[in-house]
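Single-letter residue listing:
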Amino acid sequence: MAVARLVVVLGILVVFASSLEARPESEPTSALETAEFMKDVKQECRNTTGDDRAFKDLVAIMNSDTPRCFMQHVNMSYLQTPIDKLSSLEQTKLLGGICGQLEKAVVCIDPVVEAIKPCMDDEDDMQILTKIVDSIPDAIKMICNNSGAMLLELREPLSRSCAVELAPAIDDCMDVLSNSTMTMDLKNYSVTECNEISKMRDCLERKIRDCGALTYLDLFGLFYRNLLSITPCKL
């Protein structure tokens, strides 16, 4: 169930992106928890482990522990500072501090990865997970390049609202994939499966453009290219 595992990893990215909003823990059920694709994840965990305990642990970590860990590593007041009121020197210092903290916050993904492992039953699944998670430091470097230009965009209200829409966007775009593509190992993809994956990519890119936060296109492209490198598919 290679693609089913992929949606879990995409879920990780949703949590990581949504953490930038610093929402209080008392806020109602997250978009991730109610996302349609999480039903597939729940079924996969049940099939592999025999019950729902692993899935419940995963959801608890993604909804609570991960955002809490993020806020422990990143000074949220930095993210909320009205940067347009700062001088260029102050902006550079602020963004440098945020980027340094984001690099340390990567450890917040580790508990999620460990929670996912019981739901995985073959080596290909772990290869996918490792490939995507290993891309996160590169994503942070991308965010912090050019004096943190991308980070500035991610702080904008439009980007934050788009982060909330990522989970339902994944749901919609997964609909273009056939059952055979969903269940086949990525390394065995033929032209047919590669074309479907391309359609899913195009769908997600279109939804990101429609949302207006084009910064997410660059981040999505990074993870997509790394994932594609373990398939026979071409960009």
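Residues numbered from 1 in each chain as written. Predicted model: local features only at pLDDT ≥ 70, side-chain atom pairs only at ≥ 80, totals over all residues. Heavy atoms only, no water.

## Describing the state of the cysteines
Piece 1. One pass over the structure, following the stated rule, counts 6 disulfides.
Piece 2. One disulfide bridge connects Cys 173 with Cys 203, the sulfur atoms lying 2.1 Å from each other. Around the S-S axis, the bridge from Cys 173 to Cys 203 shows a dihedral of about -75 degrees and counts as left-handed. Here Cys 203 lies in helix α12 (residues 191-211) and Cys 173 lies in helix α10 (residues 157-174), a separation of 30 residues in the sequence.
Piece 3. In this structure Cys 203 comes out as buried when scored by relative accessible area, which is 6%.
Piece 4. Going through the chain in sequence order and numbering each bonded cysteine, the pairs you get are 1-5, 2-4, 3-6, 7-11, 8-10, 9-12. (Disulfide = S-S within 2.5 Å. Helix = DSSP H or I, 4+ residues; strand = E, 2+ residues; numbered from the N terminus. Buried < 20%, exposed > 50% of the residue type's maximum accessible area, 1.4 Å probe, protein only.)

## A word on the nonpolar core
Piece 1. Of all hydrophobic cores here, the largest spans 70 residues; its most connected members are Leu 58, Leu 102, Ile 136, Leu 151, Ile 197, Tyr 216 and Leu 219.
Piece 2. Tallying contributions element by element places helix α13 (residues 215-228) first for this core, with 9 residues.
Piece 3. With residues up to four places along the chain from it excluded, the contact list for Leu 102 reads Phe 70, Val 74, Ile 140 and Leu 151. (Core = buried A, V, L, I, M, F, W, Y, C linked by side-chain atoms within 4.5 Å. Contact = heavy atoms within 4.5 Å.)

## Overview of the side chain of Thr 231
Piece 1. Locating Thr 231 in the fold gives a position in the segment after α13.
Piece 2. The buried category is assigned to Thr 231, whose relative accessible area is 14%.
Piece 3. A polar side-chain atom of Thr 231 sits 2.9 Å from the main-chain carbonyl oxygen of Leu 228.
Piece 4. A polar atom in the side chain of Thr 231 sits 3.0 Å from the backbone nitrogen of Cys 233. (Polar contact = N/O pair within 3.5 Å; in protein donor to acceptor, adjacent residues only side chain to side chain.)

## With respect to a negative patch on the surface
Piece 1. Judged by side-chain charge, Asp 84, Glu 153, Glu 156 and Asp 218 come together as a negatively charged surface patch.
Piece 2. Along the chain, the position of Glu 156 falls in the loop between α9 (136-154) and α10.
Piece 3. Using a relative accessible area of 44% as the deciding quantity, one classes Glu 156 as partly exposed. (Patch = residues over 30% accessible without salt bridge, like charges linked within 9 Å, V, L, I, M, F, W, Y side chains within 5 Å. Areas by Shrake-Rupley, 256 points an atom, 1.4 Å probe, with all protein chains shown as cover. Salt bridge = Lys/Arg side-chain N within 4 Å of Asp/Glu carboxyl O. Lys, Arg positive; Asp, Glu negative; His and termini not counted. Charge placed at Lys NZ, Arg CZ, Asp CG, Glu CD.)

## Describing the confidence of the model for the chain
Piece 1. On average, the chain scores 79 in pLDDT, and the residues at 70 or more come to 83%.
Piece 2. When mean pLDDT is taken per element in the chain, α12 scores highest with 91 and helix α1 (residues 2-18) scores lowest with 54.
Piece 3. Note that pLDDT drops below 50 for residues 20-29; the model gives that stretch 16 contacts with residues more than four away or on any other chain. (pLDDT = per-residue confidence, 0-100.)

## Here we look at the pattern of salt bridges
Piece 1. Tallied over the entire structure, the rule returns 6 salt bridges.
Piece 2. A salt bridge links Asp 65 to Arg 68; the nearest nitrogen and oxygen atoms lie 3.1 Å apart. Here Asp 65 pairs with Arg 68, and both are found in helix α4 (residues 53-73), just 3 residues apart, close to one helical turn.
Piece 3. On the accessibility criterion, Asp 65 (37% relative accessible area) is partly exposed.
Piece 4. Since its relative accessible area comes to 30%, Arg 68 is described here as partly exposed.
Piece 5. Residue Lys 117 pairs with Glu 114 through a salt bridge whose shortest N-O separation is 2.9 Å.
Piece 6. Judged by relative accessible area, which is 33%, Lys 117 ranks as partly exposed.

## Digging into α12
Piece 1. For α12, with 21 residues, the first-to-last C-alpha span of 30 Å sits near the 30 Å given by 1.5 Å per residue.
Piece 2. Among the residues of α12, Glu 193, Cys 194, Glu 196, Ile 197, Ser 198, Met 200, Arg 201, Cys 203, Leu 204, Glu 205, Ile 208 and Cys 211 are the ones counted as buried.
Piece 3. Gly 212 occupies a position one or two residues after α12 and carries a positive phi of about 105 degrees. (Expected span 1.5 Å × (residues − 1).)

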